[in-house]
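Each chain is listed here by its residues.
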Amino acid sequence: MDRPDDNAASFDRARDALRGRFVELDASASKLLHLMLANGTGCDAIITSDKCEIHFARHPSRHHYFLSPTPAVLTSLIRFAGAVTPVTSIRARIGPASVPAHSPAGAKIPASFMFPAWSFPAHRLWLDWNHQEIRVSLRDDEHQDGPVPSALPQPIRPSTPSMIQHAAPVACPHCGQAALEHRDAHDGWLVCSTCARSFQS
Ligand SMILES: [Zn+2]
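Conventions and cut-offs
Residues numbered from 1 in each chain as written. Predicted model: local features only at pLDDT ≥ 70, side-chain atom pairs only at ≥ 80, totals over all residues. Pairing = 2+ DSSP bridges. Helix = DSSP H or I, 4+ residues; strand = E, 2+ residues; numbered from the N terminus. Axes fitted to C-alpha atoms, helices over the stretch in contact; angles between N-to-C directions. Expected span 1.5 Å × (residues − 1). Contact = placed C-beta atoms within 7 Å. Parallel < 35°, antiparallel > 145°, perpendicular 65-115°, else oblique. Left-handed = near helix turned anticlockwise from the far one by under 90°.

Comments concerning the sheet that holds strand β11 (residues 189-191)
Spatially, β9-β10-β11-β12 is the arrangement adopted by the four strands of the open sheet, whose pairing is antiparallel. Every interior strand has two partners, whereas the edge strands, β9 (162-171) and β12 (198-200), have only one. Shown here is a sheet whose adjacent strand axes are inclined to one another by a mean of 40 degrees, direction ignored. With three bridges joining them, β11 and β12 adopt antiparallel strand pairing. From the neighbouring strand, V191 faces β12, where its bridge partner is S198.

Section: helix α1 (residues 4-18)
End to end, α1 covers 21 Å across 15 residues, agreeing with the expected 21 Å (1.5 Å per residue, within 8%). Those residues of α1 hidden inside the fold are in contact with β1 (43-47), α3 (70-81), β7 (123-129) and β8 (134-140). With its phi angle positive at about 115 degrees, G20 sits one or two positions after the end of α1.

Some thoughts on the packing of helix α2 (residues 27-37) against α3
Put simply, α2 and α3 touch, their axes get as near as 8 Å, and they point 60 degrees apart. Taken together, the axis directions place α2 and α3 in an arrangement best described as oblique. The crossing of α2 and α3 is right-handed. Residue-level contacts link A29, L32 and L33 of α2 to A72, V73 and S76 of α3.

Structural notes on unusual backbone geometry
P86 follows T85 through a cis peptide bond whose omega is 0 degrees. Omega for the bond connecting G95 with P96 falls within 30 degrees of zero, at 0 degrees, which places this linkage in the cis form. Considering the arrangement of structural elements, one finds P96 in the loop between β4 (89-94) and β5 (97-99).

Laid out in structure tokens, this is it:
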């Protein structure tokens, strides 16, 4: 992770972006913005002086990211929302829109580390901040009408685990226990109900 003083400086720059001192996207910021907007399920993000924590609907745990891309991510969200700086709070619709390919910050990094162009569907955006934290909530907006509610959306909760049924028993590669069904973690991973470890189907 970033050093604590780097985190504090990134958080200062993130708050400065909300005041209108914009920071342009680079490859790492585009990647973080892509995680927040392109997965189709929305997310809840909390940015403070020591963490950037994002909760996605597709996974129960909170994910932690470097703080350094957050000023550019917030700049992009302000621009997509057409919000006027200094921003105190945003309730807006953003997208659908596209983000061009971006190269990494720093000239020494090979161009193969470019983050490619991507696009995202319409979302609703809630953004609030104070001196301690910046909160961003994004939700899919595909079938929504009317103004974005001023109240924050319900926090994202993990969906109830879905089970995958097998035609024949499948053995856990860790403990050897065979079962006719396994909990579906995500991205093709199954969870063994005996030893609780996950494996790829
Ligand atoms: Zn097992």
